[in-house]
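What follows is the residue order along each chain.
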Amino acid sequence: MSTAEIVVVGAGPAGAAAATHLARAGRDVLLVDRAQFPRDKCCGDGLTTGALRELEALGLRPDDVESWRGVDEAVLRSPSGREISFPFPADRGVFAAVARRRDLDAALVEIARRAGATVVEGHAVTAVSDAGDHVRVAIDGVGDVAARYVVAADGMWSPVRRSLGLGVPDADGAGAYLGEWHAFRQYFCGVGERAATELMVWFEPDLLPGYAWSFPLPGGRANVGFGIQRGGAIRTRSMAALWPELLARPHIAAFLGPDAVAESSHRAWPIPARAQTMPLAGAGGRVLFVGDAAAATDPMTGEGIGQALVTGRWAADAISRAGAGHPALAATLYQRAVADELLPDALLSRLLGRVLKLPIGARLAVRAAGATDLGRRAFALWLFEACPRAVIATPRRWSSTLGAGQGAWAHGPGHSSSRSWDVGQGAQETKHALREG
Ligand SMILES: Cc1cc2nc3c(=O)[nH]c(=O)nc-3n(C[C@H](O)[C@H](O)[C@H](O)COP(=O)(O)OP(=O)(O)OC[C@H]3O[C@@H](n4cnc5c(N)ncnc54)[C@H](O)[C@@H]3O)c2cc1C
């Protein structure tokens, strides 16, 4: 049996972030994924300010992600049909972007490799067991590895969680866990001017509190999809039938343009959003769950890339601080970070999600957020996680609002190449300012 100080299972954003931070802290890390990168991941590909700041800290350069596209405003359409634009600050970094997960995740794995992690692709972890002072990890085609810690970043279905017998029931208490949301995604090419440039969210009355989206990608492409909450009026099994009807709705068809063509089949995947009841640690603290494996996505929007990156970082910090001999301390440090920083925001998101369930709630929310110029700018920052969601209710985090008006790569991104990361105008202005400054 071979050994590694830490095995990270899953090389999506959560696992790549954990492996990078651990390797940079001088740890011996094995990052294992059953897929070969680049690989697709069913996702909207939208990146919030919170995610972008984590990516910047990891050393990602937008230039290294081929399908990167900066975004300078979000447009929301209320159930009444009213559209409101929410602009991001024009000259203070990048607040929102879209990048295909195929490209983004491969770039993150490369960063982990360069940081010193050993990357094993194309091999699945088949079992994890608690062996007291270590954890035994069985890797298909590789053999058993003894590790002091395992970071389980293995996504929604988390085979590590199941292997340790930590299965959780579904929200209604019956059957296997299927996630809080279910979402559809399809790539389109040949889209019209609006879909090629605007980040659009439609609050369709029948989808609430879910929504449909079109997120712009370079080359006249867009990531288009919709998500619904499990247990609502629309059953997940009727989503496939609803999809063509949704795309044919006049405002959506007009937005995508007459020449838009699907360039791949649609895909669906669940989204887990219940970090408050999901096990965050197992095997006495030697296994820490991060990202979707910890059900860390935002309960209101279903966004989870930022949450995956940050929980990966927190788990890495907890392990580095606790050291090999103190797994219970590692678990405590990690659980405390999640309880202090993630759970208040998740709670507020869940409450707001209830408001958005009703068309009148969604209509009033969009109208109130768009009532004034200042309100629109503040709402854009809040929606895209430039500051913690529940910051008002958590005074100890008020200082974080000081940096809310600053996006990622605000001080010189180290990506000066002129190859366009195909930014919106706001980010273009930043690039000019950087070149001149
Ligand atoms: C349709 C849809 C749209 C979404 N849109 C957005 C969005 O626009 N913005 C946003 O922020 N979030 C979005 N999300 C949520 C986001 O995709 C997830 O929260 C995010 O991918 C979580 O990252 P992760 O690293 O935890 O898990 P994943 O990205 O799922 O990575 C898990 C990794 O574990 C690997 N793995 C699994 N089992 C094993 C095993 N046995 N052995 C080895 N490796 C294994 C997998 O191959 C995979 O690479 C969306 C989700 C869906 C379904």
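From a predicted model like this one, the values you see are computed outputs, not experimental measurements.

Draft legend 1. Just the domain arrangement of the chain, in detail. Taken domain by domain, the chain comprises domain 1 (2-45 + 100-174 + 273-354) and domain 2 (181-271). Taken together, the 18 residues of domain 1 in the interface contact 19 residues of domain 2. Surface buried jointly by domain 1 and domain 2 totals about 1,600 Å² across both partners, of which 51% is contributed by carbon and sulfur atoms. Summed over the three residues of domain 1 that lose the most area to domain 2, namely Cys 42, Gly 44 and Arg 100, the buried surface amounts to 34% of that side. In this structure, the connection of domain 1 to domain 2 is made through three salt bridges. Among the ionic pairs, Asp 40 bridges to Arg 267, the shortest N-O distance being 2.9 Å.

Draft legend 2. Spotlight on the site of the ligand. Every one of the 35 residues lining the ligand counts as a neighbour, but Asp 33, Gly 44, Gly 46, Arg 101 and Asp 292 are closest to it. At 3.2 Å from an oxygen atom of the ligand is found a main-chain nitrogen or oxygen belonging to Pro 13. Contacts to the ligand include Gly 304, whose backbone N or O atom sits 2.9 Å from a nitrogen atom. Protein chains shield 95% of the accessible area of the ligand, which is 1,000 Å² for the free molecule. When contributions to the shell around the ligand are tallied by element, the ones reaching two or more residues are α1 (13-24), β2 (29-33), β14 (211-217), β17 (267-271) and α8 (305-322). Of the residues belonging to the shell around the ligand, the class tally is 17 nonpolar, nine polar and nine charged. Structurally, the shell around the ligand is a two-domain feature, drawing no fewer than three residues from each of domain 1 (2-45 + 100-174 + 273-354) and domain 2 (181-271).

Draft legend 3. Inspection of helix α11 (residues 373-383) at higher detail. Burial in α11 covers these residues: Phe 379, Ala 380, Leu 381, Trp 382 and Leu 383. The secondary structure elements touched by the buried residues of α11 are β5 (73-77), β6 (83-87), α9 (327-356) and α10 (359-369). Backbone geometry just downstream of α11 places Glu 385 in the positive-phi region, at approximately 60°.

Thresholds, definitions, all that
Residues numbered from 1 in each chain as written. Predicted model: local features only at pLDDT ≥ 70, side-chain atom pairs only at ≥ 80, totals over all residues. Heavy atoms only, no water. Domains from an automatic or database assignment. Contact = heavy atoms within 4.5 Å. Buried area = accessible area lost by both parts, 1.4 Å probe. Salt bridge = Lys/Arg side-chain N within 4 Å of Asp/Glu carboxyl O. Near = heavy atom within 4 Å. Polar contact = N/O pair within 3.5 Å; in protein donor to acceptor, adjacent residues only side chain to side chain. Areas by Shrake-Rupley, 256 points an atom, 1.4 Å probe, with all protein chains shown as cover. Helix = DSSP H or I, 4+ residues; strand = E, 2+ residues; numbered from the N terminus. Nonpolar A, V, L, I, M, F, W, Y, C, P; charged D, E, K, R; others polar. Buried < 20%, exposed > 50% of the residue type's maximum accessible area, 1.4 Å probe, protein only.

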